[in-house]
Amino acid sequence: MTVATDPDTRFASYAHPERLVSTDWLAANLGTPGLVVVESDEDVLLYETGHIEGAVKIDWHTDLNDPVERDYVDGAGFAKLLGSKGITRDTTVVIYGDKNNWWAAYALWVFSLFGHEDVRLLDGGRAKWEAEGRTYTTDKESAPQVEYPVVERNDGSIRAFRDDVLTHLGNPLIDVRSPEEYTGERTTAPAYPEEGALRAGHIPSAQNVPWAKAVAEDFGFKSLDELNAIYRDGAGLKDGDNVIAYCRIGERSSHTWFALTHLLGFEGVRNYDGSWTEWGSLVGVPIVKGAEAGAVPAK
Amino acid sequence: MSGALPDNLAQIREDFHELELRDRLQLLLEFSNELPELPERYVDHPDLLERVEECQSPVFMFVEVDEHKIVHLFVTAPKEAPTTRGFASILVQGLAGLTVEEVLDIPDDFPQDLGLTEAVSPLRVRGMTALLGRAKRQVREKTAA
């Protein structure tokens, strides 16, 4: 850790409290050497309308995704991106964004694919920062060009591909989409554009726990007890479980991946970023429609 | 028939294409800031507005066709959705003063041709395609009688 962690007692009971910082902490630590604040939003222009002072922008679509293949940038691309944002391998990165940190969590997950060690979320993201009346600046992004090493992505530990999901069946799956998407009434999130899935429904045996259940009224994460009630008591997850989370393109499930991994302490949780836009169009994979999770198909 | 862009839209398209990718975003932001407020008669009557489901943020729109067959487009989108506001503003400015026929003749793929797909991603541009599609549909409905 380059920069000291946030000692906020609200985070103390989480498995990895060092992965969160509060708005107070960030406000007090802006400008600390070794700290870079990153904004990552759904809306590609939101940063330009106003952002936390000194923050740089990383866009999930134009920066983190490969422009040709449906995949993330490679080690060289990631190194180039981060170097241009003033981030070295040792930098403490705090990410925040709109929509209760959907995209911030997604960016954090991609940083984790490259093994960037100290990457944290601003609890509550833009919404909490604004609700507290904190200020933004419209200053143009400015960051020193630095050297970030080329580190190849490790897709093995926290990312699941379609074949991994097939092999995984019989272990817990968390579908974090809206109930309408889960039951198969629709293939897109309510009010979101059609992203192209040919079938509607969910992966057999998946529990439906919409991602936003992890979010408290103040836009931050719920307490450990509340999260346990949702994921352990509600969805039946147990210590030692091997869990895969998915949504539509892997962004909402990054948020749940964060909660399961860093707040509840589950190990080996994987995010299936192909998610419904892949599964719902794959030939020959099992799908369940309706509100019931459905049985694990015989292999 | 469909093909030649009306002058306003052609100019907007040219303005975007002349810029580097990064500056295209800046121009989109300028459009976003220029989206006019809804006229009073719609502020008090949200029921008259049609929700654009394809947009990622709550976007509402309404089309009027006046006695000279001129189309007037009104759109509202929240400040947290500057990209959507920018798309809406491009259409509001681009359609200003056009006749029913001219609006219906705008190529449906105009949004893909603006030079924004690389700057903001093809997925996001779909919100604008949806907006244009709905505007045209409302124009058809309002002139069908």
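The rules behind each value
Residues numbered from 1 in each chain as written. Chains lettered and ligands numbered in written order. Predicted model: local features only at pLDDT ≥ 70, side-chain atom pairs only at ≥ 80, totals over all residues. Heavy atoms only, no water. Pairing = 2+ DSSP bridges. Helix = DSSP H or I, 4+ residues; strand = E, 2+ residues; numbered from the N terminus. Contact = heavy atoms within 4.5 Å. Axes fitted to C-alpha atoms, helices over the stretch in contact; angles between N-to-C directions. Salt bridge = Lys/Arg side-chain N within 4 Å of Asp/Glu carboxyl O. Buried < 20%, exposed > 50% of the residue type's maximum accessible area, 1.4 Å probe, protein only. Left-handed = near helix turned anticlockwise from the far one by under 90°. Nonpolar A, V, L, I, M, F, W, Y, C, P; charged D, E, K, R; others polar. Phe/Tyr/Trp six-rings, centres within 6.5 Å; stacked < 30°, edge-to-face > 60°. Lys NZ or Arg CZ within 6 Å of the ring centre and 35° of its normal. Core = buried A, V, L, I, M, F, W, Y, C linked by side-chain atoms within 4.5 Å.

**Student:** How do you make sense of the sheet that holds strand β2 (residues 35-39) of chain A when you look at a structure like this?
**Tutor:** In a beta sheet, neighbouring strands are held together by backbone hydrogen bonds and run either parallel or antiparallel to one another. Residues and elements named next belong to chain A. As summarised here, the arrangement of the 5 strands in space is β1-β5-β4-β2-β3, forming an open sheet in which the pairing is parallel. Looking at the sheet topology across the chains shown, the edges are occupied by β1 (20-21) and β3 (56-57). Two strands pair when backbone bridges link them, and strand β4 (residues 92-96) and strand β5 (residues 119-122) are joined in this way by 3 bridges, in the parallel orientation. Bridge pairing links V94 to R120 in β5. Set on the sheet, helix α5 (residues 102-113) makes contact with β4 and β5; between it and β5 the angle comes to about 175°.

**Student:** Teacher, can you tell me more about the pattern of salt bridges here?
**Tutor:** Pairing between side chains becomes possible if they bear opposite charge and their charged atoms approach one another. Within the structure shown, the criterion is met by 27 salt bridges over all chains. In this structure, D8(A) and R10(A) form a salt bridge, with 2.7 Å as the shortest nitrogen-oxygen distance. When its relative accessible area of 18% is taken as the criterion, D8(A) is described as buried. Given a relative accessible area of 42%, R10(A) falls into the partly exposed group. E80(B) is the partner of K79(B) in a salt bridge, and the nearest nitrogen-oxygen pair spans 3.2 Å.

**Student:** What is the right way to look at unusual backbone geometry in this model?
**Tutor:** If a residue is not glycine, its phi is most likely negative; likewise, a peptide bond is most likely trans. All names here are of chain A. Phi angles above zero are rare outside glycine, and S205 is one such case at about 80°. One can find S205 in the loop between α8 (179-183) and β7 (207-208). For S205, a relative accessible area of 15% gives the class buried. At S275, a residue that is not glycine, the phi angle is positive and equals roughly 45°. Take S275: it is sitting in helix α11 (residues 275-279).

**Student:** Can you help me understand the packing of helix α4 (residues 82-95) of chain B against helix α7 (residues 122-143) of chain B in this one?
**Tutor:** The description of two packed helices rests on the angle between their axes and on the distance between the axes. Residue and element names in this part refer to chain B. In the contact formed by α4 and α7, the axes pass within 9 Å of each other and the chain directions differ by 35°. The interaxial crossing formed by α4 with α7 has right-handed handedness. Together, F87, A88, I90 and L91 of α4 and R124, V125, M128, L131 and L132 of α7 make up the contact between the two elements. Across the contact of α4 with α7, the residue classes break down as 8 nonpolar, no polar and 1 charged.

**Student:** Which parts of the structure should I look at to understand helix α9 (residues 224-234) of chain A?
**Tutor:** Think of an α-helix as turning once every 3.6 residues; residues three or four places apart then point the same way. Within α9(A), the full set of buried residues consists of L224(A), L227(A), N228(A), I230(A) and Y231(A). One or two positions beyond α9(A), positive phi appears at G236(A), with a value near 80°.

**Student:** Just checking my understanding: could you explain the packing of aromatic side chains for this structure?
**Tutor:** The way to describe two aromatic rings as a pair is by their centre distance and the angle between their planes. Residues and elements named next belong to chain A. Under the defined criterion, the tally for this structure stands at 16 aromatic pairs over all chains. Here W60 and Y106 contribute two aromatic rings whose centre-to-centre distance is 6.1 Å and whose plane-to-plane angle is 85°, an arrangement assigned as edge-to-face. Pair noted here: W60 is in helix α3 (residues 60-64) and Y106 is in helix α5, with a separation of 46 residues, a long-range link. We note that W60, like Y106, is buried. Ring centres 6.2 Å apart and planes at 85° place the aromatic pair Y272 and W279 in the edge-to-face group. Across this residue pair, the class does not change: Y272 and W279 are buried. In this structure an aromatic cluster arises from ring pairing among W60, Y72, W102, W103, Y106, W109 and W211. The cationic tip of R134 hangs over the ring face of W129; the distance from NZ or CZ to the ring centre is 5.4 Å.

**Student:** Please clarify how the nonpolar core should be interpreted in this entry.
**Tutor:** Core analysis: the largest hydrophobic core is formed by 60 residues, its most contacted members being I95(A), F111(A), L121(A), F221(A) and Y231(A). Breaking this core down by element, the ones donating at least two residues are β2, α3, α4 (75-84), β4, α5, β5, α9 and α10 (252-263) of chain A. The biggest single contributor to this core is α5(A), with 11 residues. Excluding residues within four positions of it along the chain, Y231(A) makes contact with V209(A), W211(A), A214(A), G236(A), L237(A), T256(A), L260(A) and L264(A). Residues I12(B), M61(B), V120(B) and V139(B) belong to the second largest nonpolar core, which totals 39 residues.

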